[in-house]
Each structure stands twice: as structure tokens, then as C-alpha cells.
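Per-entry structural report
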Amino acid sequence: MVLDLVPLWTVLLALAVFYYVVFDGFDLGVGMLYGLVRGETARATVMNAIAPVWDGNETWLIFGGVGLLAAFPLAFAIVIPAVYFPILMMLLALVFRGVAFEFRFKHPALRRIWDGAFCGGSVVATFAQGVVLGTFIQGFNVKGREFAGTSFDWLAPFPLTIGLALMFGYGLLGATWLVLKTEGELQDWARRAAAICLVAVLVAIAGVSIWTALEHPDIARRWFSWPNIALLSPVPVVTALIAIGEWEALRRRHELTPFLGAVALFLMSFIGIAISLWPMIVPYRYTLWQAASSASTQAFLLIGTLFLLPIILMYTAWSYWVFRGKARGPGGYH
Amino acid sequence: MVGIGVIMLIVVIVGQVLQLRGRLWDSIWFLRLCQLTAPPGFFAVIAGWITTEVGRQPWTVYGALRTADSVSPSLTGANVAWSLAFYIIVYLIMFPTGIGFMASLVRRGPQQPELETPLDQIESGRPHEPFDSAARAASQP
């Protein structure tokens, strides 16, 4: 009996990408909000809200990217050249952001430069990730088994708008994380920022959904034809309910539920995209099975992954547990 | 590269021997040696990478796929030149900053913990930090 590993690898990579989006989403979001925070103590507190945990979050991006290369090499070969420059910009921005973390604490003389690097790096990295997502949904120009477009296909209205939308999305995640990790005036400020981002995110979800359906009649047909429209209607309904719940949670000054609500909104968006694109891994040309590497390759990779993944999850959970609680003031981590 | 690696390994072993003899902190020649072996690590890494990347040309997969055949079709020379330029700019910012920062750390030297009141001005009273009492105990005959 031969087990089809493609669905398993799809789930693994989908989880890796979702995990990355949520966890690096909040620390990039905090980075973007950092530029709007005034006052030295407040800024140090904001930094400390993510300082102990941000390193590990980026490793899921590596897992997603390398997993794509190893398990779905055709998809990697077509998708990555199409988004060459956004990925380059993202990597360099993440370099600046990472260095800014450490140098800011230890090099007070140049603090303003590192503040700029931290905030600017977060902005560029987020925008670049949104552009990659937008290009992915937009689809790729494929001839045979090769990418047939240019290195600048990402410079189009749809991907650039998704880049902007993701900035508000990560801003929501970051603001709700700050609600969880700070107190007093800073927490109130974070609540207000979260409310603004929530409205922007809802507008973005609605707008992008409609735009995608208009651009791609296949997707429109999948969502709006009978009986799909009945089966899939829970998705927008649940999203709307979560949005209302999120607004209430912010209004009622909850601590944890805003962050969970933001994560839930991302989950619903993710599910929506997955429903639209299934089973395409290279929209709109190759399916997951067509782009997959051989069964023996996927089996080989799976053994190592299934061994290491629980270890990684355990120590990640432990590190979040150790640094639970509020971030108070500048001390404590460094 | 391999030579540098062997040298570094010898330095580690020598250090271990000195530590077992209790002479690690007193052997000035060894401390100087450690200073000298700090940069070669970088050379070793870069030398290794150059060996790998140049040595495997013209193959991406030895015997099966040439580098020329494995280039993405959409990628132009200009694209790659721009990305190389960006990397160079970022490194030109990061490395001097990092080295400058490390140099200022070295120049500042190891930090002594500062006592809030100098020892000779404490006349009486309960020590408010553990090392106060330890310091006082150490200064008594």
C-alpha cells in the first residue's frame, strides 16, 4: 500500500506558512507600530514585548520556503523567480530589522538610526510579503515547465494592493499582541491602533475577495455557483462574526481575545484563499500533484521533519511560556 | 581553510591543557595566540565557500546539469547585478558598524560592578545587597 504524501506535505507547508504569518506577523506588526510610538520608555517596552521570541518566528519562513523547494520543486522553480525582487527586499529588510534589535540596546549613540532601521525594515518586509502573496494569487505566466514572465510581474496593482493590505493585517496582529503584553497608557494606545487596523483589514478582506472574483471567473464560479454558494457561505459569515466579536473584545478591554480574534481573521482569510486556489500550487497552471517531487523524496523528507517538528514546537511553546506576562519597562531581557 | 581549521583545533586543545594545569589565565602567550586566531576563522569560512562555489563550476548537479542550463529564464544579468549591488550596500553598512561596535566594547574593557557606597564609608547598618556583606567580610582581617 503506497501512501500519497502530497496531501500530507501540503498540510505541513500550509501550517508552516500559517504559523509564520501569525508569529512573524505580530512582531513585524509591532515593528511597524514602533515608529508611531513616542517616548523612550514606551519604545523600550514595545521592543521588549517581542524581544525574547522574535528570532524563532522567522525559522518558519525558512521551513516553508525550503519545504516548497524540496516537496514541490516545480512550484518553487516557477514561483520564486517571479517574485525575485520582493523576496530580495524582504530578506534585506529582515537583516536590518534583526540587527536593529540588538544594536539599539547596546549602541545608544545611534539609537535613532536603529529605530528607523527597525521600523523601516518591518515595513518593507511586510509589504514585500504582501506583494509575494498578491503575485501568487494573480497567477503566473508559464510556458512548459518554466516561468515565462519577467522579474517585474509583481509590479501590478493587485499585488501592490495586497502588500498594503498585509501591512494593516500585521498591524492588527501587532497591536493586539501589544494589548496582551503591555498595560496602562501604552495598552490603551494599542487598543486604538488595533481598532483602526481592524477596520482597514475588513475593508481589505472584502475588497480583495471581490477583486479576485472579478479577475478570475473560475474562482467566482467556484464560490458563487450552486451548490457551492450554500456550502461555502459559512466562510464569509464566520469572518463577519469574528470581526464583530473582535470589535467588542477591543471595546470591552479584553486582554487575550483581541489577539486570538486577529489570528482567527487570518485563519479565515487563509481558508478563503485555499478554497479559491485548490488544488493549484502554481496558479493557474500546475496542481500540487503535478508540482510534487517523487514519492521517495517526500518520504525521506518526512522522516526528518516528523522527528524534528515536535521538538521545535515544544521548545517554542516553552520559550513563550517563560516570557509570558506583561512587558514592563526597558529592563528584563538584555 | 582546512589548515586554519586544524590550527584552531590545536589552539582549543592547548587551551584545554592549560586549563587543566590551572595556568589558562596566566599564560600571556596563549592569550595573544587567541587574539591572533580570531580573524582566521572568517578567512576559513570564505575560503571554503569560494572553493565550493568555484570548484563545482560548470555543474549545478555534477555530471547532470550545467549552471548555464539551471538559470531562471526570467532572470536577466541586470536583475542579478542589482541584487548583488543591494547586498554589497547592506554589508557595507552592517560590517563596519558591527566591527566598530565590537572595537568600542573592547576599548571599554570589562565592566566592574559599582558599589553604591564605597566600602570605607559604610559605618553600620544592615547590608542591602548580598555582595555588600560578602565584600565587607572579605575586607575584614
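Definitions and limits used
Here, residues in each chain are numbered from 1, in the same order as that chain's written sequence. The naming scheme follows written order: chains are lettered A onward, ligands numbered 1 onward. In view of the model being predicted, local features appear only for residues whose pLDDT reaches at least 70, and side-chain atom pairs are presented and counted only at 80 or more, with totals across whole chains, interfaces and linings using the full set of residues. Water and hydrogen atoms were dropped before computing side-chain values, which therefore reflect all heavy atoms in the structure. Working definition: helices are DSSP H or I runs of at least four residues, strands are E runs of at least two. Numbering for both runs from the N terminus. Three labels apply to residues, based on accessible area from a 1.4 Å probe with only protein chains included: buried if under 20% of the type maximum, exposed if over 50%, partly exposed otherwise in between. Throughout, a contact is declared for two residues whenever any of their heavy atoms are within 4.5 Å. Buried area counts how much accessible surface, traced with a 1.4 Å probe, disappears from two parts once they are put together, with both parts' losses summed. Salt bridge criterion: a side-chain nitrogen from Lys or Arg within 4 Å of a carboxyl oxygen from Asp or Glu. Polar contacts, as counted here, are pairs of nitrogen or oxygen atoms within 3.5 Å of one another; within protein the pair requires one atom able to donate a hydrogen and one able to accept it, and residues that are adjacent in sequence qualify only if both atoms are side-chain atoms. Under the scheme applied here, ten amino acids are nonpolar (Ala, Val, Leu, Ile, Met, Phe, Trp, Tyr, Cys and Pro), four are charged (Asp, Glu, Lys and Arg), and all others, including Gly, are polar. Summary of the metric used: pLDDT quantifies the predictor's per-residue confidence within the range 0 to 100. Throughout, an axis means a line fitted to C-alpha atoms (over the contacting stretch in the case of helices), and angles, computed between N-to-C directions, take values from 0 to 180 degrees. Orientation categories follow fixed angle ranges, with anything under 35 degrees roughly parallel, anything over 145 roughly antiparallel, 65 to 115 roughly perpendicular, and all other angles oblique. Whether a crossing is left-handed or right-handed is set by the direction in which the near helix is turned from the far one by less than a right angle, anticlockwise for left-handed and clockwise for right-handed. Side-chain atoms within 4.5 Å link the members of a nonpolar core, which is a set of buried Ala, Val, Leu, Ile, Met, Phe, Trp, Tyr and Cys residues. Only residues above 30% relative accessible area that lack a salt bridge enter a patch, with like-charged residues linked at up to 9 Å and the nonpolar side chains Val, Leu, Ile, Met, Phe, Trp and Tyr linked at up to 5 Å. Per-residue and other accessible areas were derived by the Shrake-Rupley procedure at a 1.4 Å probe size, with only the shown protein chains allowed to occlude residues. Ring pairs shown here join Phe, Tyr and Trp side chains whose ring centres sit within 6.5 Å, with only the six-membered ring taken for Trp; geometry is labelled stacked below 30 degrees between planes, edge-to-face above 60, and tilted in between.

1. Thoughts on the overall build of chain B
A tally of helices and strands in chain B yields five helices and two strands. Element order for chain B, N to C, with α for helix and β for strand: α-α-α-β-β-α-α. For chain B, with 141 residues in total, the buried portion stands at 14%. For chain B, the proportion of contacts with a sequence separation of at least 24, taken over those separated by at least 6, is 20%.

2. Notes on the interface of chain A and chain B
In this complex, chain A contributes 20 residues to the contact, which on the side of chain B involves 16 residues. Carbon and sulfur atoms supply 79% of the area that chain A and chain B bury against each other, a total of about 1,600 Å² over both sides. The largest contributions to the chain A side of the interface with chain B come from Tyr-84, Leu-92 and Phe-96 of chain A, which together make up 28% of the buried area. Summed over the shared surface of chain A and chain B, the result is zero salt bridges. In this assembly, chain A and chain B are joined by three residue pairs in polar contact (both at pLDDT 80 or more). Breaking the side of chain A that touches chain B down by element, the ones donating at least two residues are α5 (84–106) and β2 (146–147) of chain A. Looking at the side of chain A that touches chain B element by element, the count peaks at eleven residues for α5 of chain A. Of the residues contributing to the side of chain A that touches chain B, the split by class is 14 nonpolar, four polar and two charged.

3. Examining the confidence of the model for chain B
When pLDDT is averaged across chain B, the result is 79; 79% of the residues are at 70 or more. The least confident element of chain B, judged by mean pLDDT, is helix α5 (residues 130–139) of chain B at 49; the most confident is helix α4 (residues 77–108) of chain B at 89.

4. Here's the deal with the packing of helix α8 (residues 184–215) of chain A against helix α11 (residues 234–251) of chain A
Residues and elements named next belong to chain A. Their axes nearest at 10 Å, the elements α8 and α11 cross at an angle of 165°. One way to sum up the angle between α8 and α11 is to call them roughly antiparallel. Here the hand of the crossing between α8 and α11 comes out left-handed. Here Arg-191, Ala-194, Ala-195, Leu-198, Val-199, Leu-202 and Ile-205 of α8 lie close against α11, whose contacting residues are Thr-239, Ala-243, Glu-246, Trp-247 and Leu-250. Of the residues belonging to the contact of α8 with α11, the class tally is nine nonpolar, one polar and two charged.

5. Brief notes about the nonpolar core
All names here are of chain A. The biggest cluster of nonpolar side chains holds 105 residues, and the ones touching the most others in it are Trp-9, Phe-26, Phe-72, Tyr-170 and Trp-177. Tallying contributions element by element places helix α1 (residues 6–34) first for this core, with 17 residues. For Trp-9, the contacting residues outside a window of four places in its chain are Phe-63, Ala-71, Phe-72, Gln-298, Leu-301, Leu-302 and Thr-305.

6. Regarding the environment of His-254 of chain A
Residues and elements named next belong to chain A. Summarising the element assignment, His-254 is placed in the loop between α11 and α12 (257–277). Considered as a pair, His-254 and Val-179 are 75 residues apart in the sequence and their alpha carbons are 8.5 Å apart. What His-254 contacts, discounting residues up to four positions off in sequence, is Val-179, Arg-191 and Ala-249. Among the polar contacts made by the side chain of His-254, one reaches the side chain of Thr-257 at a distance of 2.9 Å.

7. Let's talk about a nonpolar patch on the surface
A surface patch of nonpolar side chains, about 610 Å² in accessible area, is lined by Leu-91 of chain A together with Tyr-87, Tyr-91, Phe-95, Ile-99 and Met-102 of chain B. For the nonpolar patch, the element with the most residues is α4 of chain B, which contributes five residues. Turning to its location among the elements, Leu-91 of chain A is positioned in helix α5. With relative accessibility at 37%, the residue Leu-91 of chain A sits in the partly exposed group.

8. Details of the side chain of Thr-239 of chain A
Here Thr-239 of chain A is to be found in helix α11. Residue class for Thr-239 of chain A comes out buried when judged on its relative accessible area of 11%.

9. Some thoughts on the packing of aromatic side chains
Residues and elements named next belong to chain A. A complete count under the given rule lists 28 aromatic pairs over all chains for this structure. With centroids separated by 5.6 Å and ring planes inclined at 50°, the aromatic side chains of Phe-18 and Phe-270 adopt a geometry described as tilted. One end of the pair, Phe-18, is in helix α1; the other, Phe-270, is in helix α12, with 252 residues separating them in the sequence. Judged by its relative accessible area of 16%, Phe-18 is buried. Plain terms: the ring middles of Trp-54 and Phe-101 are 4.6 Å apart, the flat faces sit at 0° to each other, and that makes the pair stacked. With Trp-54 in helix α3 (residues 54–71) and Phe-101 in helix α5, this pair connects stretches of sequence that are 47 residues apart. For the residue pair Trp-54 and Phe-101, the accessibility class agrees, reading buried in each case.

10. Focus on the side chain of Thr-135 of chain A
Residue and element names in this part refer to chain A. You can see Thr-135 is positioned in helix α6 (residues 111–138). Its relative accessible area of 1% is what places Thr-135 among the buried residues. Setting aside chain neighbours within four positions, we find Thr-135 in contact with Val-83, Phe-140, Trp-154 and Pro-159.

11. Observations concerning the packing of α1 of chain A against α5 of chain A
Geometry of a packed helix pair, given as the angle between the helix axes and the separation of the axes. Residues and elements named next belong to chain A. Viewed as axis vectors pointing N to C, α1 and α5 meet at an angle of 70°, and their least axial separation amounts to 12 Å. On the basis of their axis angle, the class for α1 and α5 is roughly perpendicular. For the crossing formed where α1 meets α5, the hand is left-handed. The residues of α5 that touch α1, namely those facing Asp-24, Asp-27, Leu-28 and Tyr-34, are Leu-94, Arg-97 and Arg-104. Within the contact of α1 with α5, the residues separate by chemical class into three nonpolar, no polar and four charged.

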